[in-house]
Amino acid sequence: MAALGTAELSAWIHGFRDVVAEKREWLTELDSAIGDADHGANMARGMDTVVAKLDAGVPDTVDELLKTVGMTLVSSVGGASGPLYGTLFLRMGMAAGPVTSLDVAALAASLRAGLDGIVARGKAEAGDKTMIDAMAPAVDAFDAEAAGGADLGAATAAAARAAASGRDATEPLVARKGRASYLGERSAGHLDPGAASTTLLFEALARATAE
Ligand code: ADP
Ligand code: MG
Ligand code: MG
C-alpha cells in the first residue's frame, strides 16, 4: 500500500475498536493491578462512540477524520487515557492537514506530531511506565523504516513490533506518572495498561495497511 486514504484510516479505527472490545477484560485486569480497573471500559466506551460517529458519515479529509476521532475521545472518556489518546488524534490531524491520503512520510510526520502532543500534555518521559513507553519506540521504528524507503505495510509492521517490545519492557518499571505512580515500588511487576492499548492501536494500524 502506497498511501493511507480516509477509507483505510476508518478501517484502522474500526479495527482498533474491535480489538479493544475483544481485549477489554485484559485491559481492565492490567488496570486493576496498578490502577482503578477501568482502562478496558474507558477505551471500549470511547471507541464505540468514535465508531458510531464515523458510521454516521466518514469525513472527506484526513484532518477532519482524525479531528472527529480525537474530539470524541476527549469528550467521551473520563479517565487519563481519553484526553491523551484524544490529543494523539487531534495532533495527528493538525499535522496531516486537509489531504485525502497520507503516504509513508506524511504518516511518519503525523504520528510524530501526535506523540509530541501526548508528551506535552501528560509530561511523561520514557521509562515512566505509561503509553509513551510503547508509542515512542513505535514512532521511532516507523521513522527509521520510512527513512529507509519502506512501504506503509513494512513501516507499520515494524512500529507494531516496537510497540509490543516497549509494552513488555514496562513490566519491571516503577510508575512515575498517572494513578499507578501512587503505588510507588508496588507498581513494578505489572504491564502498563496504556502501553498495552497503544500496542493494540499499532497492531490495528499494521493490519489496516497490510495489503
Ligand atoms: P485513569 O488512570 O484515569 O483511570 P485509564 O485507566 O483509562 O485512566 O488509563 C491509564 C493509562 O493512562 C496508564 O496505564 C498510562 O499508560 C496512561 N497515562 C496516565 N497518565 C499518563 C501521563 N501523564 N502521560 C502518558 N500516559 C499516561
Ligand atoms: Mg484506570
Ligand atoms: Mg479511572
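Residues numbered from 1 in each chain as written. Chains lettered and ligands numbered in written order. Predicted model: local features only at pLDDT ≥ 70, side-chain atom pairs only at ≥ 80, totals over all residues.

### Some remarks on the overall build of the protein chain
What the protein chain contains, in helices and strands, is nine helices and two strands. Shown N-terminal to C-terminal, the secondary structure of the protein chain runs as helices and strands in the order β-α-α-α-α-α-β-α-α-α-α. Relative to its length of 211 residues, the protein chain is compact, with a C-alpha radius of gyration of 16 Å against a globular reference of 17 Å. Seen through its principal axes, the protein chain has C-alpha atoms that stretch 45 × 40 × 30 Å. When the 211 residues of the protein chain are sorted by exposure, 53% land in the buried category. (Helix = DSSP H or I, 4+ residues; strand = E, 2+ residues; numbered from the N terminus. Rg over C-alpha atoms; globule rule 2.2 N^0.38 Å. Buried ≥ 20, exposed ≤ 12 C-beta atoms within 10 Å, placed from the backbone.)

### A short note on the environment of A162
Checked against the element boundaries, A162 lands in helix α8 (residues 152-168). Considering only alpha carbons, one finds A162 and A136, 26 residues apart in sequence, at a separation of 8.8 Å. Not counting residues within four places of it along the chain, the set of residues in contact with A162 comprises P137, A138, D140 and A141. (Contact = placed C-beta atoms within 7 Å.)

### Quick word on the site of ligand 1
Residues in close proximity to ligand 1 total 24 residues, the closest being G79, S81, G122, G178 and G194. Looking at the shell around ligand 1, the elements that each hand over two or more residues are α3 (39-55), α5 (81-96), α6 (104-122) and α9 (193-208). Per element, the largest residue contribution to the shell around ligand 1 is three residues, and it comes from α9. Among the residues forming the shell around ligand 1, the class breakdown is eight nonpolar, nine polar and seven charged. (Near = placed C-beta within 6 Å. Nonpolar A, V, L, I, M, F, W, Y, C, P; charged D, E, K, R; others polar.)

### Comments concerning the confidence of the model for the protein chain
On average, residues of the protein chain carry a pLDDT of 97, and 100% of them reach 70 or more. In the predicted complex, the global pTM is 0.98; the interface-specific ipTM is 0.99. (pLDDT = per-residue confidence, 0-100.)

### Let's talk about helix α2 (residues 24-34)
All of the buried residues along α2 are L27, T28, L30, D31 and I34. Taken end-on, α2 shows its buried residues confined to a sector of 160 degrees, consistent with a single buried face. Packed against the buried residues of α2 are α3 and α9. (Arc of directions from axis to C-beta.)

### A closer look at the packing of α8 against α9
Closest axis-to-axis distance for the α8/α9 pair is 8 Å, and the angle between their directions is 165 degrees. Relative to α9, the element α8 is oriented roughly antiparallel. Read as a crossing pair, α8 and α9 show a hand that is left-handed. For the pair α8 and α9, the contacting residues are T156, A157, A159, A160, A163, A164, G166 and R167 in the first and A195, A196, T198, T199, F202, E203, L205 and A206 in the second. Taken together, the residues of the contact of α8 with α9 break down into 10 nonpolar, four polar and two charged. (Axes fitted to C-alpha atoms, helices over the stretch in contact; angles between N-to-C directions. Parallel < 35°, antiparallel > 145°, perpendicular 65-115°, else oblique. Left-handed = near helix turned anticlockwise from the far one by under 90°.)

### Side note on the nonpolar core
Residues M135, A138, F142, A159 and A163 are the most contacted members of the largest nonpolar core, which totals 63 residues. For A159, the contacting residues outside a window of four places in its chain are A138, A141, F142 and F202. (Core = buried A, V, L, I, M, F, W, Y, C linked by C-beta atoms within 7 Å.)

### Concerning the packing of helix α1 (residues 6-22) against α3
Interhelical geometry of α1 versus α3 gives an angle of 145 degrees and a closest axis separation of 9 Å. Helix-helix and strand crossings are classified by hand; for α1 and α3 the assignment is left-handed. Seen from α1, the contacting residues are S10, I13, H14, F16, R17, V20 and A21; seen from α3, they are M43, A44, M47, D48, V50, V51 and L54. Class assignment for the residues of the contact of α1 with α3 results in 10 nonpolar, two polar and two charged.

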